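# Examination of the molecular architecture
As a plain string of letters, each chain reads:
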Amino acid sequence: MATAAKETATALEVEQGFNIPDPTQIDRLEGKVSATEWRLRCELAATYRLCAMHAWTDLVFTHISVRLPDEDGEERFLINPYGVMFDEMTASALVKIDLDGNAKQETPYFVNPAGFTIHSAVHSAREDAGCVIHVHTPYGIAVSVQKDGLRRYTQFSMQIHDDLAYHDYEGIALDLDERERLIADIGEKNLLILRNHGTLTIGQNCALAFLRMYLLENSCKTQILAQSIGGAEHLHEESEDMAHRVFQQAAPAFTKGLGDNLVWPGLIRKLNRTNPGFDY
(Lines give C-alpha, C1' and ligand atoms only; values in the text may rest on other atoms or scores of the structure.)
Protein backbone atom coordinates (compact mmCIF):
# COMPACT_ATOMS: atom_id res chain seq x y z
CA MET A 1 0.00 0.00 0.00
CA ALA A 2 2.80 2.40 0.85
CA THR A 3 4.52 1.77 -2.50
CA ALA A 4 1.33 2.42 -4.47
CA ALA A 5 0.79 5.70 -2.65
CA LYS A 6 4.24 6.94 -3.63
CA GLU A 7 3.61 6.20 -7.30
CA THR A 8 0.38 8.21 -7.38
CA ALA A 9 0.66 11.99 -7.72
CA THR A 10 -1.33 13.96 -5.20
CA ALA A 11 -3.54 16.85 -6.23
CA LEU A 12 -0.90 19.26 -4.97
CA GLU A 13 1.73 17.71 -7.23
CA VAL A 14 -0.28 17.95 -10.45
CA GLU A 15 0.64 21.03 -12.49
CA GLN A 16 -1.81 22.79 -14.74
CA GLY A 17 -1.28 22.22 -18.42
CA PHE A 18 -1.10 25.86 -19.44
CA ASN A 19 -0.08 29.23 -18.10
CA ILE A 20 -2.41 32.22 -18.07
CA PRO A 21 -0.41 35.45 -17.70
CA ASP A 22 -1.54 38.34 -15.53
CA PRO A 23 -3.29 40.79 -17.91
CA THR A 24 -1.39 43.70 -16.35
CA GLN A 25 1.96 42.06 -17.14
CA ILE A 26 1.62 41.42 -20.88
CA ASP A 27 2.84 43.80 -23.58
CA ARG A 28 0.67 46.89 -23.92
CA LEU A 29 -0.84 47.20 -27.41
CA GLU A 30 -1.40 50.94 -27.54
CA GLY A 31 0.53 52.27 -30.54
CA LYS A 32 0.83 48.76 -31.98
CA VAL A 33 -2.75 48.67 -33.28
CA SER A 34 -4.78 51.35 -35.04
CA ALA A 35 -6.24 54.22 -33.03
CA THR A 36 -9.75 52.89 -33.76
CA GLU A 37 -8.90 49.41 -32.57
CA TRP A 38 -7.30 50.74 -29.39
CA ARG A 39 -10.36 52.87 -28.61
CA LEU A 40 -12.65 49.88 -29.09
CA ARG A 41 -10.36 47.71 -26.97
CA CYS A 42 -10.58 50.22 -24.14
CA GLU A 43 -14.37 50.50 -24.41
CA LEU A 44 -14.80 46.72 -24.40
CA ALA A 45 -12.42 46.19 -21.47
CA ALA A 46 -14.38 48.84 -19.57
CA THR A 47 -17.62 47.03 -20.40
CA TYR A 48 -16.28 43.79 -18.95
CA ARG A 49 -15.35 45.57 -15.73
CA LEU A 50 -18.69 47.36 -15.58
CA CYS A 51 -20.50 44.03 -15.92
CA ALA A 52 -18.40 42.74 -13.03
CA MET A 53 -19.30 45.85 -11.02
CA HIS A 54 -22.99 45.05 -11.52
CA ALA A 55 -22.51 41.33 -10.73
CA TRP A 56 -23.40 40.20 -14.26
CA THR A 57 -20.65 37.60 -14.52
CA ASP A 58 -20.56 33.83 -14.55
CA LEU A 59 -16.86 33.57 -13.75
CA VAL A 60 -15.40 33.52 -17.29
CA PHE A 61 -18.24 31.64 -18.97
CA THR A 62 -20.02 34.46 -20.75
CA HIS A 63 -18.79 36.87 -23.37
CA ILE A 64 -19.00 40.43 -24.64
CA SER A 65 -17.86 41.04 -28.19
CA VAL A 66 -17.13 44.11 -30.30
CA ARG A 67 -16.91 44.48 -34.05
CA LEU A 68 -13.62 45.88 -35.39
CA PRO A 69 -12.95 47.37 -38.81
CA ASP A 70 -12.49 44.68 -41.47
CA GLU A 71 -8.97 43.53 -42.28
CA ASP A 72 -8.08 42.28 -45.78
CA GLY A 73 -11.78 42.06 -46.57
CA GLU A 74 -12.53 39.85 -43.55
CA GLU A 75 -14.56 40.67 -40.46
CA ARG A 76 -12.72 41.05 -37.18
CA PHE A 77 -13.97 41.06 -33.59
CA LEU A 78 -12.68 41.35 -30.05
CA ILE A 79 -13.56 38.91 -27.28
CA ASN A 80 -12.28 37.91 -23.85
CA PRO A 81 -9.63 35.24 -23.34
CA TYR A 82 -10.03 32.35 -20.95
CA GLY A 83 -8.35 32.76 -17.59
CA VAL A 84 -8.96 36.51 -17.22
CA MET A 85 -11.75 37.59 -14.90
CA PHE A 86 -14.12 40.33 -15.97
CA ASP A 87 -13.00 42.70 -13.20
CA GLU A 88 -9.35 42.50 -14.33
CA MET A 89 -9.89 42.72 -18.10
CA THR A 90 -7.53 45.02 -19.98
CA ALA A 91 -7.58 46.43 -23.48
CA SER A 92 -4.37 44.56 -24.37
CA ALA A 93 -5.63 41.21 -23.07
CA LEU A 94 -8.63 41.11 -25.44
CA VAL A 95 -8.17 38.77 -28.40
CA LYS A 96 -8.82 39.71 -32.02
CA ILE A 97 -10.69 36.89 -33.82
CA ASP A 98 -12.40 36.17 -37.12
CA LEU A 99 -16.02 35.12 -37.62
CA ASP A 100 -15.10 31.51 -36.79
CA GLY A 101 -13.49 32.44 -33.49
CA ASN A 102 -9.89 31.95 -34.66
CA ALA A 103 -7.28 34.27 -33.16
CA LYS A 104 -5.93 36.77 -35.68
CA GLN A 105 -3.14 38.25 -33.56
CA GLU A 106 -0.19 37.11 -31.52
CA THR A 107 -1.44 36.57 -27.99
CA PRO A 108 -0.41 34.60 -24.89
CA TYR A 109 -4.06 33.73 -24.36
CA PHE A 110 -6.57 31.37 -25.94
CA VAL A 111 -10.27 31.63 -26.58
CA ASN A 112 -12.98 29.02 -26.96
CA PRO A 113 -14.39 29.32 -30.50
CA ALA A 114 -17.63 27.73 -29.29
CA GLY A 115 -18.04 30.66 -26.92
CA PHE A 116 -18.36 32.90 -29.96
CA THR A 117 -21.16 30.85 -31.55
CA ILE A 118 -23.99 33.05 -30.33
CA HIS A 119 -22.06 36.26 -30.93
CA SER A 120 -20.99 35.25 -34.43
CA ALA A 121 -24.62 34.63 -35.33
CA VAL A 122 -25.64 38.11 -34.27
CA HIS A 123 -22.64 39.89 -35.78
CA SER A 124 -22.98 38.06 -39.10
CA ALA A 125 -26.65 39.00 -39.47
CA ARG A 126 -26.63 42.51 -38.02
CA GLU A 127 -24.26 45.16 -39.34
CA ASP A 128 -25.54 47.44 -36.58
CA ALA A 129 -24.28 45.02 -33.91
CA GLY A 130 -21.22 46.95 -32.82
CA CYS A 131 -21.35 45.28 -29.40
CA VAL A 132 -23.08 42.12 -28.18
CA ILE A 133 -23.40 41.42 -24.45
CA HIS A 134 -24.46 37.95 -23.30
CA VAL A 135 -24.72 37.13 -19.59
CA HIS A 136 -25.97 34.40 -17.24
CA THR A 137 -27.42 36.04 -14.13
CA PRO A 138 -29.70 34.45 -11.53
CA TYR A 139 -32.54 36.93 -12.16
CA GLY A 140 -32.21 36.81 -15.94
CA ILE A 141 -32.21 33.03 -15.96
CA ALA A 142 -35.11 32.94 -13.48
CA VAL A 143 -37.24 34.93 -15.92
CA SER A 144 -35.98 32.91 -18.90
CA VAL A 145 -37.55 29.74 -17.45
CA GLN A 146 -40.99 31.34 -17.05
CA LYS A 147 -43.50 30.37 -19.73
CA ASP A 148 -44.81 33.93 -20.00
CA GLY A 149 -41.32 35.44 -20.08
CA LEU A 150 -40.87 39.09 -19.13
CA ARG A 151 -44.08 40.68 -17.90
CA ARG A 152 -45.24 44.30 -18.16
CA TYR A 153 -44.95 44.84 -14.41
CA THR A 154 -42.49 47.72 -14.29
CA GLN A 155 -41.33 50.80 -16.15
CA PHE A 156 -38.03 48.97 -16.58
CA SER A 157 -39.67 46.25 -18.63
CA MET A 158 -42.01 48.52 -20.58
CA GLN A 159 -39.08 50.62 -21.82
CA ILE A 160 -37.77 47.56 -23.70
CA HIS A 161 -41.02 45.65 -24.23
CA ASP A 162 -41.32 46.17 -27.99
CA ASP A 163 -37.64 45.43 -28.61
CA LEU A 164 -37.45 42.04 -26.90
CA ALA A 165 -37.32 38.61 -28.58
CA TYR A 166 -37.02 35.00 -27.34
CA HIS A 167 -34.95 32.01 -28.43
CA ASP A 168 -35.71 28.45 -27.31
CA TYR A 169 -33.06 26.41 -25.53
CA GLU A 170 -31.03 23.99 -27.66
CA GLY A 171 -28.34 22.98 -25.18
CA ILE A 172 -24.90 24.55 -24.74
CA ALA A 173 -24.32 26.66 -27.85
CA LEU A 174 -21.91 24.36 -29.67
CA ASP A 175 -24.00 23.54 -32.74
CA LEU A 176 -23.34 26.02 -35.54
CA ASP A 177 -26.73 25.17 -37.06
CA GLU A 178 -28.36 26.95 -34.12
CA ARG A 179 -27.10 30.27 -35.45
CA GLU A 180 -29.71 30.33 -38.23
CA ARG A 181 -32.56 29.86 -35.76
CA LEU A 182 -31.15 32.44 -33.35
CA ILE A 183 -30.85 34.97 -36.18
CA ALA A 184 -34.44 34.30 -37.21
CA ASP A 185 -35.68 34.69 -33.63
CA ILE A 186 -33.96 37.97 -32.84
CA GLY A 187 -34.76 39.54 -36.22
CA GLU A 188 -34.32 43.31 -35.97
CA LYS A 189 -34.77 43.49 -32.21
CA ASN A 190 -32.01 44.42 -29.81
CA LEU A 191 -32.76 42.39 -26.70
CA LEU A 192 -33.07 38.64 -26.42
CA ILE A 193 -34.03 36.22 -23.68
CA LEU A 194 -32.50 32.82 -24.33
CA ARG A 195 -34.92 30.47 -22.60
CA ASN A 196 -33.45 28.45 -19.73
CA HIS A 197 -30.14 30.14 -20.43
CA GLY A 198 -29.66 33.90 -20.08
CA THR A 199 -29.97 37.33 -21.62
CA LEU A 200 -28.40 39.17 -24.55
CA THR A 201 -28.35 42.74 -25.83
CA ILE A 202 -27.12 44.46 -28.99
CA GLY A 203 -25.88 48.01 -29.37
CA GLN A 204 -24.20 50.09 -32.03
CA ASN A 205 -21.54 50.55 -29.39
CA CYS A 206 -20.71 49.32 -25.90
CA ALA A 207 -22.58 52.16 -24.21
CA LEU A 208 -25.92 51.34 -25.83
CA ALA A 209 -25.56 47.58 -25.40
CA PHE A 210 -24.76 48.16 -21.72
CA LEU A 211 -27.74 50.48 -21.20
CA ARG A 212 -30.07 47.90 -22.73
CA MET A 213 -28.60 45.16 -20.51
CA TYR A 214 -29.05 47.37 -17.46
CA LEU A 215 -32.76 47.74 -18.21
CA LEU A 216 -33.22 44.07 -19.12
CA GLU A 217 -31.49 42.80 -16.00
CA ASN A 218 -33.37 45.21 -13.75
CA SER A 219 -36.62 44.20 -15.44
CA CYS A 220 -35.89 40.58 -14.59
CA LYS A 221 -34.79 41.35 -11.04
CA THR A 222 -37.84 43.44 -10.20
CA GLN A 223 -40.14 40.83 -11.72
CA ILE A 224 -38.71 38.09 -9.51
CA LEU A 225 -38.92 40.34 -6.45
CA ALA A 226 -42.54 41.24 -7.24
CA GLN A 227 -43.45 37.59 -7.75
CA SER A 228 -42.13 36.74 -4.30
CA ILE A 229 -45.48 37.83 -2.85
CA GLY A 230 -47.37 35.19 -4.84
CA GLY A 231 -48.92 34.47 -8.21
CA ALA A 232 -50.14 36.76 -10.97
CA GLU A 233 -53.42 37.38 -9.13
CA HIS A 234 -51.49 39.51 -6.64
CA LEU A 235 -49.73 41.64 -9.25
CA HIS A 236 -50.80 44.48 -11.52
CA GLU A 237 -49.64 44.19 -15.10
CA GLU A 238 -49.94 47.12 -17.49
CA SER A 239 -51.60 46.74 -20.90
CA GLU A 240 -49.86 46.16 -24.22
CA ASP A 241 -50.90 49.67 -25.23
CA MET A 242 -49.26 51.19 -22.16
CA ALA A 243 -46.09 49.18 -22.73
CA HIS A 244 -45.96 50.38 -26.33
CA ARG A 245 -46.41 54.00 -25.17
CA VAL A 246 -43.60 53.74 -22.62
CA PHE A 247 -41.35 52.07 -25.20
CA GLN A 248 -41.87 55.01 -27.57
CA GLN A 249 -41.26 57.52 -24.79
CA ALA A 250 -37.96 55.85 -23.92
CA ALA A 251 -36.78 55.36 -27.52
CA PRO A 252 -34.53 58.48 -27.65
CA ALA A 253 -32.40 57.01 -24.86
CA PHE A 254 -31.20 54.36 -27.29
CA THR A 255 -30.25 56.76 -30.07
CA LYS A 256 -26.54 56.80 -30.87
CA GLY A 257 -25.09 60.15 -29.92
CA LEU A 258 -27.70 60.69 -27.23
CA GLY A 259 -28.27 57.55 -25.21
CA ASP A 260 -24.59 56.67 -25.15
CA ASN A 261 -23.85 60.03 -23.54
CA LEU A 262 -26.49 59.83 -20.82
CA VAL A 263 -24.71 57.46 -18.44
CA TRP A 264 -21.56 56.12 -20.13
CA PRO A 265 -19.21 59.04 -19.30
CA GLY A 266 -20.21 58.82 -15.65
CA LEU A 267 -19.75 55.05 -15.64
CA ILE A 268 -16.22 55.45 -17.00
CA ARG A 269 -15.39 58.05 -14.34
CA LYS A 270 -16.72 55.73 -11.65
CA LEU A 271 -14.71 52.86 -13.08
CA ASN A 272 -11.54 54.96 -13.06
CA ARG A 273 -12.17 55.78 -9.38
CA THR A 274 -13.03 52.28 -8.20
CA ASN A 275 -11.27 49.87 -10.57
CA PRO A 276 -8.75 51.67 -12.80
CA GLY A 277 -6.51 49.96 -15.33
CA PHE A 278 -8.90 48.72 -18.02
CA ASP A 279 -7.03 50.87 -20.55
CA TYR A 280 -3.75 48.99 -20.15
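Quick note: structure is the one above.
Now for a look at the structure at hand.

## Section: the sheet that holds strand β6 (residues 191-194)
An order of β3-β2-β1-β4-β7-β6-β5 is seen for the seven strands of this open sheet, with the pairing classed as mixed. At either end of the open sheet lies a strand with only one pairing partner, and these are β3 (95-97) and β5 (164-167). Taken pair by pair, the neighbouring strands of this sheet meet at an average axis angle of 25°, ignoring direction. When strand β1 (residues 63-71) meets strand β2 (residues 74-79), the two strands line up antiparallel, connected through four bridges. Note on β2: the bridge partner recorded for V66 is L78.

## Examining the environment of E237
On the secondary structure map, E237 appears in the loop between α7 (206-227) and α8 (240-250). Under the relative-accessibility criterion, E237 is labelled partly exposed at 25%. Separated by 61 residues in the primary sequence, E237 and L176 place their C-alpha atoms 38 Å from one another. In contact with E237, not counting residues within four places along its chain, are R151, R152 and Y153. At 2.8 Å, the side chain of E237 forms a polar contact with the side chain of R151. Among the polar contacts made by the side chain of E237, one reaches the main-chain amide nitrogen of R152 at a distance of 2.9 Å.

## Some thoughts on the nonpolar core
The biggest cluster of nonpolar side chains holds 42 residues, and the ones touching the most others in it are Y48, I133, F210 and W264. Elements that contribute at least two residues to this core include exactly α2 (35-53), β1, β2, β3, β4 (131-135), α7 and α10 (264-274). The element contributing the most residues to this core is α2, with nine residues. Contacts of Y48, omitting those with residues within four sequence positions, involve H63, I64, I79, N80, F86, M89 and L94. In this structure, I118, A121, A173 and L200 belong to the second largest nonpolar core, which totals 13 residues.

How each quantity is defined
For every chain, the first residue of the written sequence is number 1, and numbering continues from 1 onward in sequence order. Given that this is a predicted model, residues contribute local features only at a pLDDT of at least 70 and side-chain atom pairs are listed and counted only at 80 or more, while totals for whole chains, interfaces and linings are drawn from all residues. Excluded from the side-chain calculation are hydrogens and water; included are all heavy atoms of the structure. When DSSP locates at least two bridges between a pair of strands, those strands are taken to pair. Each helix is a run of H or I in the DSSP string that is no shorter than four residues. Each strand is a run of E no shorter than two, and both are numbered from the N terminus. For every element, the axis is a line fit to its C-alpha atoms; helices are fit only across the contacting stretch, and the angle between N-to-C directions ranges from 0 to 180 degrees. The rule is simple: take the accessible area with a 1.4 Å probe, protein chains only, and divide by the maximum for that residue type; under 20% is buried, over 50% is exposed, in between is partly exposed. Between two residues, a contact is recorded if the distance between any of their heavy atoms is within 4.5 Å. Whenever two N or O atoms come within 3.5 Å, that pair is a polar contact, provided that in protein one can donate a hydrogen and the other can accept it, and provided that, for residues adjacent in sequence, both atoms are side-chain atoms. Working definition of a nonpolar core: buried Ala, Val, Leu, Ile, Met, Phe, Trp, Tyr and Cys residues. They are joined through side-chain atoms within 4.5 Å.

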